[in-house]
Amino acid sequence: MISCPNVKINLGLNVLSKRTDGFHNLETLFVPYCGISDVLEIVTGEDWSRTLAGLKEKYGELTQAVSPDGKLMITIAREQGVDWDPLKDLTAKAYALLAADYDLPPMKIFLEKRSPVGAGLGGGSADAAFALRMISELAGLSLADDVLAAYAARLGSDCAFFIYNRPMFGSGRGEVLEPYDLDLSGYRLEVFIPEGVAVSTADAYRGIVPALPPKPLREVLAQDISTWRQDLHNDFEATVFTKYPSLAHVKEELYARGAVYAAMSGSGSAFFGIFRA
């Protein structure tokens, strides 16, 4: 089974308050962006991979690992190399999470990592959510979306969004989701990823002072898009721009190119611009 986990952007991101569990309450609108995606293949038992030969030809040496119980093998390919333990990849954690509750067959995961790491686009979260659905199907579990979303929320604050993969208003720590009708007809979306800058979410939170925004996010999103430049904000920009001043210029360049609205996605470092089509 093969899928292409896409990334997301955030329209507005307000950090409202600190929680007793160490997380923060926030509000944001998650929007899927299919212009950037990974390639994820999962097979069971001794089934053969349709992508392995191509990955070896394209990347040469691949990063592989096998779980201690021998039930999971994971292979990751990435142009910049893999500098994390494959068994700690969110796709492997997705398998382990379901395996704790269900009798899963042995599986092999093949991940071609194309989406950037540390860009605020949620590529790892997307991989995890897509893996949960694929594992559920391959194991014959047929888990409903709300059940998959509950598992996904345990893997990361924005993982649950990718189970639904449509515009969703997120609250709580990002895992409380409500469908949202977003109409961007007449506009096109462009995502820009600055080279050589990866922002740690923990670093992005440092210096954040949680507060209620002047206008609730839902109210701002309901306004004409021409007003978003003044009223739609990502609270992480202030702290991230302080540490990486060059990123502020990326946003300015998008506006100089004619964007109706531009912002950093999530905790950065990726940016997006909304342009008239």
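As a reminder, the structure under discussion sits directly above these lines.
Structure report, in brief. (Residues numbered from 1 in each chain as written. Predicted model: local features only at pLDDT ≥ 70, side-chain atom pairs only at ≥ 80, totals over all residues. Heavy atoms only, no water.)

With respect to the pairing of strand S3 (residues 24–37)
Within S3, ten of the 14 residues are buried, which leaves the element mostly enclosed by the surrounding structure. In this structure, strand S2 (residues 6–18) lies alongside S3, joined through eleven bridges in antiparallel fashion. Bridging across to S3, Ile9 finds its partner in Val31. Taken together, S2 and the strand that follows it, S3, pair antiparallel across an intervening segment of five residues, in which Gly22 is found at a positive phi of about 95°. Examined bridge by bridge, S3 and strand S8 (residues 168–171) share three bridges and lie antiparallel to one another. Bridge assignment links Phe30 to a residue of S8, and that residue is Met168. (Buried < 20%, exposed > 50% of the residue type's maximum accessible area, 1.4 Å probe, protein only. Helix = DSSP H or I, 4+ residues; strand = E, 2+ residues; numbered from the N terminus. Pairing = 2+ DSSP bridges.)

Examining the pairing of strand S11 (residues 261–264)
What you see with S11 is no split at all: Tyr261 and Ala263 on one side and Ala262 and Met264 on the other are buried throughout. With four bridges connecting them, S11 and strand S12 (residues 271–276) associate as antiparallel partners. Bridging from a neighbouring strand, Ala262 pairs with Gly273 of S12. The turn joining S11 and S12, which pair antiparallel and follow one another in sequence, is formed by six residues; a positive phi near 55° is taken by Gly266.

Here's the deal with the packing of helix H3 (residues 123–138) against helix H4 (residues 145–155)
Taken N-terminus to C-terminus, the directions of H3 and H4 make an angle of 135°; their axes are 10 Å apart at the nearest point. Comparing their axes, H4 and H3 come out oblique. Relative to H4, H3 is oriented so that their crossing is right-handed. Packed against H3, whose contacting residues are Ala128, Leu132, Arg133 and Ser136, the element H4 presents Asp145, Leu148, Tyr151, Ala152 and Leu155 at the interface. Residues belonging to the contact of H3 with H4 are distributed by class as follows: six nonpolar, one polar and two charged. (Axes fitted to C-alpha atoms, helices over the stretch in contact; angles between N-to-C directions. Parallel < 35°, antiparallel > 145°, perpendicular 65-115°, else oblique. Left-handed = near helix turned anticlockwise from the far one by under 90°. Contact = heavy atoms within 4.5 Å. Nonpolar A, V, L, I, M, F, W, Y, C, P; charged D, E, K, R; others polar.)

A word on the nonpolar core
One finds Leu11, Leu221, Trp228 and Tyr261 to be the most contacted residues of the largest nonpolar core, which totals 44 residues. Those elements that provide at least two residues to this core are S2, S3, helix H7 (217–222), helix H9 (236–243), helix H10 (245–256), S11 and S12. When near neighbours in sequence (up to four residues on either side) are disregarded, Trp228 contacts Leu11, Leu182, Leu184, Val220, Leu221, Gln223, Tyr261 and Ile274. Core analysis: the second largest hydrophobic core is formed by 39 residues, Ile76, Leu104, Cys159 and Ala160 among them. (Core = buried A, V, L, I, M, F, W, Y, C linked by side-chain atoms within 4.5 Å.)

Some thoughts on the state of the cysteines
Under the counting rule described, the total for this entry stands at zero disulfides. Here Cys34 is not disulfide-linked; the sulfur of Cys4 is the nearest cysteine sulfur, at 9.8 Å. A residue is classified by how much of its surface remains accessible, and Cys34, at 61% relative accessible area, is exposed. Among the cysteines around Cys159, which has no disulfide bond, Cys34 carries the closest sulfur, lying 17 Å off. (Disulfide = S-S within 2.5 Å.)

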